[in-house]
Structure formats: C-alpha cells, structure tokens
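# Observations on the three-dimensional arrangement
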Amino acid sequence: MPSSRKAPVIVITGTPGTGKTTHAELLAQESPVPLKHINVGELVKEKGLHEEYDEEWQSYTVDEDKLLDELEPLASEGGIILDWHTCELFPERWADLVVVLRCDHTKLWDRLEKRGYPLKKIQENNQAEIMEVVLDEARSSYAQEIVVELQSEGTEDLESNVARIVQWIEAWQEDREQS
Ligand code: ADP
C-alpha cells in the first residue's frame, strides 16, 4: 500500500444484488475523508472498456487491460470506492480494505427478479452466492486481514456496515498520522 495516499482504496464486492452500490453511495456520503464512488460496471459501459456484448448473458465482456489502465491512476492516488461484482482483477497493492457483501440467497433471488434479470442469470448469481464464489476470490486475492465479510439483508445491516467502514477509515487515518 503506497504511503503517499491521503485516502484509502476500498473495494466493495459481492454477487450482483448484494448491495454494493447502495453501500458505496452511503459510504461516499458518510466517509470522514473524500471518497469517490466508482461503479466499475458503469465505467466499463461509459468508456467502452469492453470487447463485445454477450446477448446470452446480457453483459459485456470486459477488456481487462483497458479497465486496469483506466483505474491505475485513480487507485494510486487513493480516495476511491471500487464497486464491482468481482475483485481478483485488481492488483493486490491497490486495496486497503476489501468488503465482501453477503445476502441470503432467497432474498437475493427476489432482488434480481425485481431487477428484471433473465432466469438463467438469476440462477447463476444465486448459485454463486451459495457457493461463496466472490468471498473465495477475495480471500485468495488479498491478505486475510484486509478482507471483511458483511451481511447485507436489511437497512439495519446497511447502516451498521457503513458505520463499521467509517470506523475503519478513522483508524486508517490515525495510523497514517502516527507513522
Ligand atoms: P449491487 O450493487 O450489489 O448489485 P444494489 O446496491 O444495487 O446491489 O442493491 C440491489 C437491491 O437490493 C436494491 O434495490 C437495494 O435497495 C436492495 N438492497 C441491497 N442491500 C440492501 C440492504 N442491506 N438493505 C435493504 N435493501 C438492500
């Protein structure tokens, strides 16, 4: 983690529908240091950082090199929340904290159905949540002590999770001031 950063890089990851964007938006509002919320999926679309649109999965095949080039200066600077459904692509040195959101699979199913996802995509994501795919990915990509698994089922969870991350940021700042 580069010592020049004045604000951390926080990765918020999890299966689609677990609440990443909702958490990232609230965290950006409540953080004691300025944090820019980067919805990586939106960035990929806006900047055309993809190869082709996969009709079957209704998603883009991301051009990983282009995406990393786009994000590198932002990550080096710090002060960002990276909101994406996968995290293993990001270099380990980028992340100060990796939050993996989890949700009961029946609740997740309802959220994805409301979002209008095709059945196949709902099933795939539901299975991934049950199999803890994103959590495993985070644990195998980053140091154990920076990976935090948090439940995201109700508003109380959202509020307590964000409060917990805010506390973590405050501790991160204090550490910096002392060193
Ligand atoms: P993601 O970014 O992971 O795909 P979203 O933040 O878009 O997920 O959330 C998906 C839906 O679930 C939204 O309607 C959101 O309001 C709801 N949701 C997510 N997390 C929570 C939570 N902890 N409490 C209540 N509703 C939530």
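Residues numbered from 1 in each chain as written. Predicted model: local features only at pLDDT ≥ 70, side-chain atom pairs only at ≥ 80, totals over all residues. Heavy atoms only, no water.

Formally: UniProt positions are given in the numbering used here, feature names are shortened, and annotations may be inferred rather than shown by experiment.
In the nomenclature of an unreviewed UniProt entry, the chain is known as Adenylate kinase isoenzyme 6 homolog of Lentinus brumalis. Within the UniProt record for the chain, the comment given under Subunit (unreviewed entry) is "Interacts with small ribosomal subunit protein uS11. Not a structural component of 43S pre-ribosomes, but transiently interacts with them by binding to uS11." What the UniProt record of the chain gives under Sequence similarities (unreviewed entry) is the line "Belongs to the adenylate kinase family. AK6 subfamily."

### So, the site of the ligand
The condition is simple: Being near a molecule or strand, for a residue, means having at least one of its heavy atoms within 4 Å of it. Polar contacts here mean pairs of N or O atoms no more than 3.5 Å apart (in protein, one a potential hydrogen donor and the other a potential acceptor; neighbouring residues in sequence count only if both atoms are side-chain atoms). Only runs of H or I of at least four residues qualify as helices and only runs of E of at least two qualify as strands under DSSP, and these elements are numbered from the N terminus. For this classification, the nonpolar set comprises Ala, Val, Leu, Ile, Met, Phe, Trp, Tyr, Cys and Pro, the charged set comprises Asp, Glu, Lys and Arg, and every other residue, Gly included, is treated as polar.
Near the ligand lie 15 residues; those nearest to it are Gly 17, Lys 20, Thr 21, Thr 22 and Arg 115. Between the ligand and Thr 22, the relevant distance is 2.5 Å, taken from an oxygen atom to a side-chain nitrogen or oxygen of the residue. At 3.1 Å from a nitrogen atom of the ligand is found a side-chain nitrogen or oxygen belonging to Ser 152. Contributions of two or more residues to the shell around the ligand are made by α1 (20–30) and α7 (155–178). With 3 residues, α1 is the single largest residue contributor to the shell around the ligand. A per-class count over the shell around the ligand returns 2 nonpolar, 9 polar and 4 charged.

### Some points on the packing of helix α4 (residues 105–114) against helix α5 (residues 119–130)
When two helices pack together, their arrangement is captured by the angle between the axes and the distance separating the axes. Worth spelling out the cut-off: Axes here mean lines fitted to C-alpha atoms, for a helix over just the part in contact, with angles spanning 0 to 180 degrees between N-to-C directions. By the definition adopted for this analysis, an angle is roughly parallel if under 35 degrees, roughly antiparallel if over 145, roughly perpendicular if from 65 to 115, and oblique otherwise. Helix crossings fall into two classes, left-handed where the near helix is turned counterclockwise from the far one by less than a right angle and right-handed where it is turned clockwise. Contacts: residue pairs with any heavy atoms within 4.5 Å of one another.
Following both chains from N to C, one finds α4 and α5 inclined at 150°, their axes separated by 10 Å at the closest point. Classed by the angle they form, the pair α4 and α5 counts as roughly antiparallel. As α4 packs across α5, the resulting crossing turns out to be right-handed. Contact residues: α4 offers His 105, Leu 108, Trp 109, Leu 112 and Glu 113, while α5 offers Leu 119, Ile 122, Gln 123, Asn 125, Asn 126, Glu 129 and Ile 130. Across the contact of α4 with α5, the residue classes break down as 6 nonpolar, 4 polar and 2 charged.

### Comments concerning the packing of aromatic side chains
Note on aromatic pairs: each is described by the distance of the centres and the angle between the planes. Heads up, the condition is: Think of it this way: a Phe, Tyr or Trp ring, Trp meaning its six-membered ring, pairs with another when their centres are within 6.5 Å, and the plane angle makes it stacked under 30 degrees, edge-to-face over 60, tilted otherwise. Burial here depends on accessible area, computed with a 1.4 Å probe over protein chains only, as a share of the maximum for the residue type. Under 20% is buried, over 50% is exposed, and the range in between is partly exposed. The rule for a charge over a ring is simple: NZ of Lys or CZ of Arg within 6 Å of the ring centre, and within 35 degrees of the ring normal.
On inspection of all chains with the given rule, the structure shows 2 aromatic pairs. Aromatic pair Trp 84 and Phe 90: ring centres 6.0 Å apart, planes at 35°, arrangement tilted. This pair shows no difference in class: Trp 84 is buried, exactly as Phe 90 is. Pairwise contacts between aromatic rings join Trp 84, Phe 90 and Trp 94 into one cluster. Directly above the ring of Tyr 117 sits Lys 121, whose terminal nitrogen or CZ lies 4.4 Å from the centroid.

### Quick notes on the packing of helix α2 (residues 40–47) against helix α3 (residues 64–77)
Two elements in contact, α2 and α3, have axes separated by 11 Å at closest approach and are oriented at 110°. Considering the angle they form, α2 stands roughly perpendicular to α3. Facing Val 40, Leu 43, Val 44 and Lys 47 of α2, the residues of α3 in contact are Leu 67, Glu 70 and Leu 71. Here the residues of the contact of α2 with α3 are counted per class, giving 5 nonpolar, no polar and 2 charged.

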